[in-house]
Amino acid sequence: MVALPGEGSATTYHLRPPGGGTQWSAPADGTTLRPVPVKATHATLLAGREAVYDPRARQGSVPVEFHFEDGSTLNGALILTTAELERLYAQTSRLLDAHERALGGTS
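First things first, this report covers the structure right here in the doc. (Residues numbered from 1 in each chain as written. Predicted model: local features only at pLDDT ≥ 70, side-chain atom pairs only at ≥ 80, totals over all residues. Heavy atoms only, no water.)

## What about the overall build of the chain?
- On a plain count of helices and strands, the chain comes out with 1 helix and 6 strands.
- Starting at the N terminus, the α and β elements of the chain follow one another as β-β-β-β-β-β-α.
- A total of 107 residues make up the chain; the buried ones form 13% of that total.
- Within the chain, contacts between residues separated by at least 24 positions form 16% of all contacts whose residues are at least 6 apart in sequence.
- Of the roughly 8,400 Å² of accessible surface on the chain, 57% is carried by carbon and sulfur atoms. (Helix = DSSP H or I, 4+ residues; strand = E, 2+ residues; numbered from the N terminus. Buried < 20%, exposed > 50% of the residue type's maximum accessible area, 1.4 Å probe, protein only. Contact = heavy atoms within 4.5 Å. Areas by Shrake-Rupley, 256 points an atom, 1.4 Å probe, with all protein chains shown as cover.)

This is the structure:
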């Protein structure tokens, strides 16, 4: 940050990227200064919770825990349409087959 609103006659934040670069400004009310969200790295199945199917919505819900780059986690749900459930079933079946082959079993 180069200058804060209220310092001298500044009515905006004056900013420069870390390490240098082109200076830019943002309104003093902070409307353009939103926190940058932490990126999710992966999701895992939530232990102790079962997937459910809602026949009225024709959707399945799989409880998951989202993991973020900063080490934080957040519980959520993977909502899948019938077509997505079928695709996920086909993909996980292939993964299980590959796992069995890797262990020397048959499938």
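## Description of helix α1 (residues 82-102)
- Taking 1.5 Å of rise per residue, 21 residues should cover 30 Å, and α1 covers 30 Å from first to last C-alpha, within 8% of that figure.
- Positive backbone phi, approximately 85°, marks Gly104, located one or two places after α1. (Expected span 1.5 Å × (residues − 1).)

## Things to note about the side chain of His67
- Along the chain, His67 turns up in strand β5 (residues 59-68).
- When its relative accessible area of 17% is taken as the criterion, His67 is described as buried.
- In terms of polar contacts, His67 uses its side chain to reach the side chain of Thr44, at 2.9 Å.
- For His67, the residues in contact, after removing those within four places along its chain, are Lys39, Ala40, Thr41, His42, Ala43, Thr44, Ser72 and Thr73. (Polar contact = N/O pair within 3.5 Å; in protein donor to acceptor, adjacent residues only side chain to side chain.)

## Things to note about unusual backbone geometry
- Phi at Arg58 takes a positive value of approximately 55°, unusual for a residue other than glycine.
- Secondary-structure assignment places Arg58 in the loop between β4 (52-54) and β5.
- The exposure class assigned to Arg58 is exposed, which follows from its relative accessible area of 60%.

## Some remarks on the environment of Ala77
- Tracing the backbone through its elements, the reader meets Ala77 in strand β6 (residues 73-81).
- According to the relative accessible area criterion, Ala77 is partly exposed, its value standing at 40%.
- Put simply, Ala77 and Leu45 are 32 residues apart on the chain and 9.3 Å apart in space, counted from C-alpha to C-alpha.

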